[in-house]
Amino acid sequence: MIISVASGKGGTGKTTIAANLAVAVAQPATFLDCDVEEPNAHLFLKPHLSRSLDFHLEAPEIDTRRCTFCGKCQEICQFNAIAVLPTAALTFPDLCHGCGGCFLVCPEEALIPQPRRLGTVETGVRGPLRFVHGRLRVGEALVPPLIRRVRQEGGDGGLTIIDAPPGASCPLLAAVWGSDLVLLVTEPTPFGLNDLELAVAAVREMGLPLGLVINRADLGDRRVHDYAAREGLPIFLEIPFDRRVAETCARGELLVEKMPAWNSLMQTLFHRIRAESGKKTTRLRPDE
Amino acid sequence: MQELVVLSGKGGTGKTSLVGALAALGEKLALCDADVDAPDLHLLLGPQIIERHDFSAGRKANIRERDCWQCGDCLRWCRFQAISDDFRVDPLRCEGCGVCWSLCPAGAVDFPENLCGQWFLADTRFGPLVHARLGVAAENSGKLVALLRREARRLAEAQGLEWLITDGPPGIGCPVMAALGEATAVLLVTEPSLSGQHDLQRVAALTDHFRLPGFVLVNKADLHWPMARAIRKFCDLQGYRFLGYLPFSPAFTQAQVEGKTILEYDRDNQINQVIAGLWKRIRRELQKQDPH
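Residues numbered from 1 in each chain as written. Chains lettered and ligands numbered in written order. Predicted model: local features only at pLDDT ≥ 70, side-chain atom pairs only at ≥ 80, totals over all residues. Heavy atoms only, no water.

(A) Summary view of the sheet that holds strand β11 (residues 235-239) of chain A. All names here are of chain A. Taken in spatial order, the nine strands make up an open sheet running β3-β6-β7-β2-β8-β1-β9-β10-β11, and their pairing is mixed. Two strands lie at the open edges of the sheet, namely β3 (48-62) and β11, each paired on one side alone. Adjacent strand axes in the sheet meet at a mean angle of 20 degrees when their direction is disregarded. The sheet contacts of helix α11 (residues 261-276) involve β1 (2-6), β8 (159-163), β9 (181-186), β10 (210-215) and β11, and relative to β11 the element is tilted by about 160 degrees. (Pairing = 2+ DSSP bridges. Helix = DSSP H or I, 4+ residues; strand = E, 2+ residues; numbered from the N terminus. Axes fitted to C-alpha atoms, helices over the stretch in contact; angles between N-to-C directions. Contact = heavy atoms within 4.5 Å.)

(B) Here's a closer look at the interface of chain B and chain A. Taken together, the contact pairs 61 residues of chain B with 60 residues of chain A. Considering only the side of chain B, the residues that lose the most area to chain A are B:Arg202, B:Leu223 and B:Gln256, jointly responsible for 12% of the buried surface there. In this assembly, chain B and chain A are joined by two salt bridges. Salt-bridge contacts for A:Arg243 lead to B:Asp222; the nearest nitrogen and oxygen are separated by 3.1 Å. Applying the counting criterion to the chain B and chain A interface returns 21 residue pairs in polar contact (both at pLDDT 80 or more). Secondary-structure elements contributing two or more residues to the side of chain B that touches chain A are α1 (15-23), α2 (42-45), α4 (99-103), β7 (127-134), α6 (174-180), α7 (194-209) and α9 (250-257) of chain B. Looking at the side of chain B that touches chain A element by element, the count peaks at nine residues for α7(B). For the side of chain B that touches chain A, the per-class residue count stands at 29 nonpolar, 19 polar and 13 charged. (Buried area = accessible area lost by both parts, 1.4 Å probe. Salt bridge = Lys/Arg side-chain N within 4 Å of Asp/Glu carboxyl O. Polar contact = N/O pair within 3.5 Å; in protein donor to acceptor, adjacent residues only side chain to side chain. Nonpolar A, V, L, I, M, F, W, Y, C, P; charged D, E, K, R; others polar.)

(C) Inspection of the packing of helix α1 (residues 14-24) of chain A against α11(A) at higher detail. Residue and element names in this part refer to chain A. α11 packs onto α1 with a crossing angle of 90 degrees between their chain directions and a minimal axis gap of 9 Å. If you check the angle between α1 and α11, you find them roughly perpendicular. Facing α1, whose interface residues are Ile17, Asn20, Leu21 and Ala24, α11 presents Trp262, Asn263, Met266, Gln267, Leu269, Phe270 and Ile273. Classifying every residue of the contact of α1 with α11 by side-chain character gives eight nonpolar, three polar and no charged. (Parallel < 35°, antiparallel > 145°, perpendicular 65-115°, else oblique.)

Below, the structure is given as structure tokens:
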């Protein structure tokens, strides 16, 4: 079973829930931290990291001895990563999306792969948990390929918990595709509701089952609850604000280790997720 | 005209709440919500929309079933697993690279422009606001962010406004980089947690990459003073201007629920003084740097 923990709004408690859930289930599982821009799960799980590999994208470089400036590479490139003039050709490797089109069309074999490091994938263990995260290179613009690479480390058919990035656009999609259930962690505030609606729309577009966790459930108003009821979104858990929780997390500590009630809270969450997952929502087509 | 971009690395540290508060300090300024993925600033500013524009960026491939030979070439070329075994392009996975469209031997692929969302020019009680909304699960490549900032700058200059404040997205990827180019300075809002500190270091490194002066504010500082102080030390060591601490306060949430900035919600809150003070300091420091 693949469970993704996402949110829409940042700072609602995704990593807190994902990490504590993974430890509370106390069974062999794979944890994938797909928030490659700002991975935090390792701070709480403190895995023993055993492997680190750099992940690259193949951008083109021009072999000027072979290039005839025919311009076919520039013509196919949708990202302005190649410029061809009558007697010169240049590439802009930072703009490349790694589609391979230029390599496919060059009649002179005049393109050489020039790797651009997108980031690093690190793997390790913490007890029964297999841990993987990606760290985007600071200065790298393109995020989804590294997320997809982290996802490739999963797929062993067992329990997988994915810590997704905030937002509702391409990084979220890359992180949660193929999940059996997407847990959306939200807060009952206007910002929380606004961003939740965006995330729900994105997850529904993917046809994935959803469930909500409302964090800091007593700080705000009832609009998120009303929205969930209107939309038929199950609320798996409501967690009241507790300053001790904030302080424990601030120290990088696991709640299931420092506050025993959190163990049963996470077990309850896990049971509810299992009950809900496997149900596919109807994918909404644009004309529906 | 100068532009202050507000970032954080970590989400949920209080960027938008702070931008709202800065807007409410009294000086008319231009505002830009560059968090096009999950925009929230408009919820505090009650914008009256003056102009609405469609935004298209990139393209998506679409295979015409009746013309498809089912040769399978596109499946072999596609590096994004966007084409199914029955020759349908999944628009959520299509990267818009155009390889299938360019190379299909049957010419069976359409490749239309992709409508990603809408952007808006609006008026608010504090000044003009430029913001946007991306379509469902849209590509967020930074192009829309760049456009919004250009429009906001244009508006600021046209209205003779000295300042543009840009509410940025979390993270360090494409949209954040699009928010940083040619800014005047960056305000990094963080929180006193291990995650906050870790994420601050990455976004601060990106700020350095762009060679921009960085200011740092620790929000909710009383949740963990040792880390709040460690962040201050980090700033001193790395040369970021440390602006101070704000306490955790439910007033921020209560204000938000009422659609107000904290300054309007609770006029006597001491937080308001701290915010006014840090804005004064930012202005002073940037004037020292560039006396024009």
